[in-house]
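# A closer look at the structure
This is what each chain is made of:
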Amino acid sequence: MAENETAATTINKDDLIVIAGAGGFIAGSLTRYFRDQGFTNIRAIDKKPLPEWYQRVPGVECLSMDLSDEANCKIAVRGAKEVYNLAADMGGMGFIERFRVECLRSILINTHMVESAYNAGAERYFFSSSACAYNTTLQQDPNVRALKESDAYPAMAERGYGWEKLLSEMFCQEYWAERKMKTAIARFHNVYGPNGTWDGGREKAPAALSRKVIEAKETGDLNITIWGDGTQTRSFMYIADCVKGIDMITHCDDLIATPINLGSNYLVSVNDLVSLIEDIAGTKLERHYDLDAPRGVAGRNSDNTFIEEILGWEPHTPLREGMEKTYAWIAQQYEDRRAGKPTPAGKSDFKVVH
Ligand code: NAD
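We now turn to the structure provided with this report. Counting of residues starts from 1 at the beginning of each chain's written sequence and follows it residue by residue. Only residues with pLDDT of 70 or above have their local features reported here, since the model is predicted, and side-chain atom pairs are shown and tallied only from 80 upward, although totals for entire chains, interfaces and linings are computed over all residues. Heavy atoms throughout the structure, all of them, feed into the side-chain values; hydrogens and water do not.

### Examining the overall build of the chain
Only DSSP runs of H or I with at least four residues qualify as helices, and only runs of E with at least two residues qualify as strands; both kinds are numbered from the N terminus onward. Scanning the chain from N- to C-terminus turns up 12 helices and 13 strands. Radius of gyration (C-alpha) of the chain: 19 Å, near the 20 Å computed for a compact globule of 354 residues. When accessible area is computed with a 1.4 Å probe and restricted to protein chains, residues below 20% of their type maximum are described as buried, those above 50% as exposed, and intermediate ones as partly exposed. Buried residues in the chain amount to 58% of all 354 residues. The Shrake-Rupley method, run with a 1.4 Å probe sphere, supplies the accessible areas, and residue values consider only the shown protein chains as cover. Of the roughly 14800 Å² that the chain leaves accessible, carbon and sulfur atoms contribute 49%. When charges are counted, Lys and Arg contribute as positive and Asp and Glu as negative, whereas His and the chain ends are disregarded. Charged groups are reduced to one reference atom each: NZ for lysine, CZ for arginine, CG for aspartic acid, CD for glutamic acid. Positive and negative charge centroids in the chain, built from 40 and 50 side chains respectively, lie 4 Å apart. Throughout, radius of gyration means the C-alpha value; the globule benchmark is 2.2 Å times the number of residues raised to the power 0.38.

### Things to note about the nonpolar core
Throughout, nonpolar core names a set of buried Ala, Val, Leu, Ile, Met, Phe, Trp, Tyr and Cys residues whose side chains join them through atoms within 4.5 Å. Among the nonpolar cores identified, the biggest contains 65 residues, and Ile19, Phe34, Leu86, Phe188, Ile246 and Leu262 are the most heavily contacted of them. Setting aside residues no more than four positions away along its own chain, Leu86 makes contact with Ile19, Ala20, Gly21, Ile26, Ala27, Leu30, Phe126, Ser128, Phe188 and Ile246. With 23 residues, the next largest nonpolar core counts Val18, Ala20, Ile109 and Ile185 among its residues. Contact between two residues is taken to exist if any of their heavy atoms lie within 4.5 Å; hydrogens are not considered.

### Observations concerning a nonpolar patch on the surface
Two distance rules govern patches: like charges are joined within 9 Å, and nonpolar side chains (Val, Leu, Ile, Met, Phe, Trp, Tyr) within 5 Å, applied only to residues with over 30% relative accessible area and no salt bridge. When a carboxyl oxygen of Asp or Glu is within 4 Å of a side-chain nitrogen of Lys or Arg, the pair counts as a salt bridge. On the surface, a nonpolar cluster with roughly 280 Å² of combined accessible area is contributed by Leu104, Met156 and Trp163. Locating Leu104 in the fold gives a position in helix α5 (residues 100-105). Judged by its relative accessible area of 40%, Leu104 is partly exposed.

### Considerations on the site of the ligand
Taken together, 27 residues are adjacent to the ligand, and Ile26, Asp46, Asp66, Tyr161 and Val191 come closest. Any N or O atom pair separated by 3.5 Å or less is treated as a polar contact, with the protein-specific requirement of one donor-capable and one acceptor-capable atom, and with residues adjacent in sequence counted only for side-chain atom pairs. In this structure, an oxygen atom belonging to the ligand sits 2.9 Å away from a side-chain N or O atom of Lys165. Val191 is positioned with one of its backbone polar atoms (N or O) 2.7 Å from an oxygen atom of the ligand. For the ligand, whose accessible area on its own is 820 Å², the fraction buried by protein is 95%. Looking at the shell around the ligand, the elements that each hand over two or more residues are α2 (25-36), β5 (124-130) and α7 (161-179). Per-element accounting of the shell around the ligand gives the leading share, three residues, to β5. Split into classes, the residues belonging to the shell around the ligand amount to 12 nonpolar, eight polar and seven charged. Residues are classed as near a molecule or strand on a simple rule: at least one heavy atom within 4 Å of it. Amino acid classes used here: Ala, Val, Leu, Ile, Met, Phe, Trp, Tyr, Cys and Pro are nonpolar; Asp, Glu, Lys and Arg are charged; the rest, including Gly, are polar.

### Considering the side chain of Asn190
The topology assignment puts Asn190 in the loop between β6 (182-188) and β7 (191-192). A distance of 3.4 Å separates a polar side-chain atom of Asn190 from the backbone oxygen of Ser235. Leave out the neighbours within four places in its chain, and Asn190 touches Lys204, Arg234, Ser235, Phe236 and Met237.

### Side note on the sheet that holds strand β1 (residues 17-20)
Sheets are built from strands paired through backbone hydrogen bonds, the pairs being either parallel or antiparallel. At least two DSSP bridges between two strands are required for those strands to pair. Pairing in this open sheet of seven strands is parallel, and the strands run β3-β2-β1-β4-β5-β6-β11 from one edge to the other. Among the strands making up the open sheet, the edge pair consists of β3 (61-64) and β11 (260-262). Going from strand to strand, the sheet's axes swing by 20° on average, the running direction of each strand aside. Pairing of β1 with strand β4 (residues 82-85) involves four bridges; the strand directions are parallel. Within the sheet, the bridge partner assigned to Ile19 lies in β4 and is Tyr84. Contacting β5 and β6, α7 runs over the sheet at an angle of about 155° to β5. The axes used here are C-alpha line fits, helices contributing only the stretch in contact, and every angle between their N-to-C directions lies in the interval 0 to 180 degrees.

### A closer look at helix α3 (residues 70-77)
Restricting attention to buried positions, one finds in α3 the residues Asn72, Cys73, Ala76 and Val77. Axial view of α3: buried residues confined to an arc of 120°, hence all on one face. With a side-chain oxygen lying 2.9 Å from the backbone nitrogen of Ala71, the N-terminal cap of α3 falls on Asp69. Along the arc lie the directions from the helix axis toward the C-beta atoms.

### A closer look at the pattern of salt bridges
Applying the stated criterion across every chain, the model contains 22 salt bridges. Lys81 serves as the salt-bridge partner of Glu123, at 3.2 Å between the closest nitrogen and oxygen. With Glu123 in the loop between α6 (107-119) and β5 and Lys81 in the loop between α3 and β4, the pair connects residues that are 42 residues apart, well separated along the chain. Here Asp279 makes a salt bridge to Arg320, at a shortest N to O gap of 2.8 Å. Linking Asp279 in helix α10 (residues 270-281) with Arg320 in helix α12 (residues 319-338), this pair joins segments that are 41 residues apart in sequence. When its relative accessible area of 48% is taken as the criterion, Asp279 is described as partly exposed. The exposure class assigned to Arg320 is partly exposed, which follows from its relative accessible area of 34%. Connected via shared salt-bridge partners are Asp199, Glu203, Arg211, Glu215 and Arg337.

### Quick word on α12
The span expected for a helix works out to 1.5 Å for each residue beyond the first. Its 20 residues place the ends of α12 28 Å apart at the C-alpha level, agreeing with the 28 Å of an ideal helix rising 1.5 Å per residue. For α12, the full list of buried residues reads Leu319, Gly322, Met323, Thr326, Tyr327, Trp329, Ile330, Gln333, Tyr334 and Asp336. Buried positions along α12 lie against β7, α8 (205-219), β10 (237-238), β12 (267-269) and α10.

In structure tokens, the structure reads:
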């Protein structure tokens, strides 16, 4: 296998990198990753007001703009060498099962961003797709066969969110096929870590369950409600592994316009995840199962054959190590909020009650 290309080997340190969705979890961490690599010209954009961003990285130009508006996209990408689009109206199962219109409307973001990036002469464009783009009929058993890239077609994506991802992928593929802009597409499987949503209705299972365990410990009410029957299985990728993978995928010319899995292939059930968090927290809770709550597909795992073959990439962070860091960060946020300090997850626009 040839030496992998990355931004550090491909562009100059003062070339402009534009990152959309940077007030959120993954793009915020990607911004910090590039800044730590010594890139000096980064523009980070999100529609959230600046005080609500999880991370505002020093030395980075931070703009609050709605990127579903084409005029804003043109401003956002002006002068960009590379554009990373991770902006989307998204959340965990509670959000994507109930707010399909919001999820579908993210099509506007990618549609305008990819066109604006092309017109601005950007050399590379990254799009964050999702495992939700895969055919849902292949995910009805907790003992899933891991999903490989070809399993997206024939298409039967997750309603709303998954179809938006699939169509946006296609936009990226055609901008390469017809117009020769280098696009990169990663299908993320659940990503977790510090500096992400942990409350308010958009949080995903690792953060939601950590918060519930923290709450139980704090209040002394040693009960926990789990969505579904707890047997549903998923894999979880730590954020540091994710941002490294984004960099490698974006700069690999063998992967242009080629959707590729970016995720862990270590499968756990929600029940196992709860046990792990209990162990980290040093507590044991009485479990209650809410069978009416959103639970998503029965099982989902990432087949990493392709990414291992092309990039030699594999996730390095064991689930326990990543969850310890995530739990510690959420516990601190919880503490800060109780002490009356502002925390980014403190404002919720969609409250899912369960
Ligand atoms: P996030 O919600 O933390 O970040 C997304 C950000 O996009 C938010 O800060 C939001 O304010 C911003 N945004 C939404 N609409 C916008 C608009 N019109 N203009 C500008 N900004 C806008 O989510 P995340 O977990 O960081 O996800 C990043 C990307 O990765 C998304 O495209 C998501 O669909 C994808 N993804 C994430 C996961 C995961 O496990 N976190 C899994 C699969 C795919």
